[in-house]
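Chain by chain, the residues:
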Amino acid sequence: MKLQSFEYATPNWILKNIQLQEVNLLVGKNAVGKSKTINSLANAISYILQVEDNKIESDFVTAFIFESGEETILYHFTCVDKKIIDEVLVKIAKEGNRTILLNRHDGITLLHNEPISPPDDKLVLHVRRD
């Protein structure tokens, strides 16, 4: 599975449709957002990995698009005040068929169309399901 695209937004910063390759080089003048782009990706990944860090922004929206052979995976979540208010995982087949694997919105979470109750401060991928 390969990360193809990344998006990230905070109340005062927006990155849209950042296309990624095997090797990526950020080049630009001073103060155009090179470091902020790297920090945004690090922040989203730190949240996914549950890294305890005071530098992690608490209000952001992020989306990842992964390519894996015959399908594309879209993963999106919104974090406000260190609580997850929105989380979606969609599998898109090569022919365009979409399967919503996870949908969390307005306090309702469906995983494979079954209701679950994850803690509001954790992503569903952090929650064990026995």
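Colleague: Can you tell me about the sheet that holds strand 3 (residues 60-68), naming the residues and giving the values?
Modeller: Paired through their backbone hydrogen bonds, the strands of a sheet run either parallel or antiparallel. The strand order 2-1-3-4-5-6-7-8 describes an open sheet built from eight strands, whose pairing is antiparallel. Two strands close off the open sheet at either side, each with one partner strand: strand 2 (13-19) and strand 8 (114-116). Here the strands of the sheet are splayed against their neighbours by 20° on average, with no regard to which way each runs. As judged from the five bridges shared by strand 1 (residues 2-10) and strand 2, these two strands associate in the antiparallel manner. Within the sheet, the bridge partner assigned to Phe-6 lies in strand 2 and is Ile-18. Docked against the sheet, helix 1 (residues 34-48) engages strand 1, strand 2, strand 3, strand 4 (71-80) and strand 5 (83-93), running at close to 85° with respect to strand 3.

Colleague: Which residues make up the packing of aromatic side chains, and what values go with them?
Modeller: This structure, assessed with the given rule, holds eight aromatic pairs. On the basis of an interplanar angle of 75° and a centroid distance of 5.7 Å, the ring pair of Phe-60 and Phe-77 is categorised as edge-to-face. Taken as a pair, Phe-60 in strand 3 and Phe-77 in strand 4 lie far apart in primary sequence, 17 residues in all. There is no split in this pair, since Phe-60 and Phe-77 are both buried. On the numbers, 5.6 Å between centres and 45° between planes, the contact of Tyr-75 with Phe-77 is tilted. The same class applies to Tyr-75 as to Phe-77, namely buried. Taken together, the ring pairs in this structure connect Phe-6, Tyr-8, Tyr-47, Phe-60, Phe-64, Phe-66, Tyr-75 and Phe-77 into an aromatic cluster.

Colleague: Give me the nonpolar core: which residues, what numbers.
Modeller: Membership of the largest hydrophobic core comes to 14 residues, with the highest contact counts inside it found for Phe-6, Tyr-47, Phe-60 and Phe-77. The leading source of residues in this core is strand 4, at three residues. If we skip the residues at most four places from it in the chain, Phe-77 touches Ala-44, Tyr-47, Ile-48, Phe-60, Val-61, Thr-62, Phe-64, Ile-84, Asp-86, Glu-87 and Leu-123.

Colleague: So what about unusual backbone geometry? Which residues, and what values?
Modeller: You will see that Asn-17, though not glycine, has its phi angle at about 50°, which is positive. With respect to the element layout, Asn-17 can be found in strand 2. At Asp-106, a position not held by glycine, the phi torsion is positive, near 50°. Position of Asp-106 among the secondary structure elements: in the loop between strand 6 (98-105) and strand 7 (108-111). When its relative accessible area of 66% is taken as the criterion, Asp-106 is described as exposed.

Rules used in this analysis
Residues numbered from 1 in each chain as written. Predicted model: local features only at pLDDT ≥ 70, side-chain atom pairs only at ≥ 80, totals over all residues. Heavy atoms only, no water. Pairing = 2+ DSSP bridges. Helix = DSSP H or I, 4+ residues; strand = E, 2+ residues; numbered from the N terminus. Axes fitted to C-alpha atoms, helices over the stretch in contact; angles between N-to-C directions. Contact = heavy atoms within 4.5 Å. Phe/Tyr/Trp six-rings, centres within 6.5 Å; stacked < 30°, edge-to-face > 60°. Buried < 20%, exposed > 50% of the residue type's maximum accessible area, 1.4 Å probe, protein only. Core = buried A, V, L, I, M, F, W, Y, C linked by side-chain atoms within 4.5 Å.

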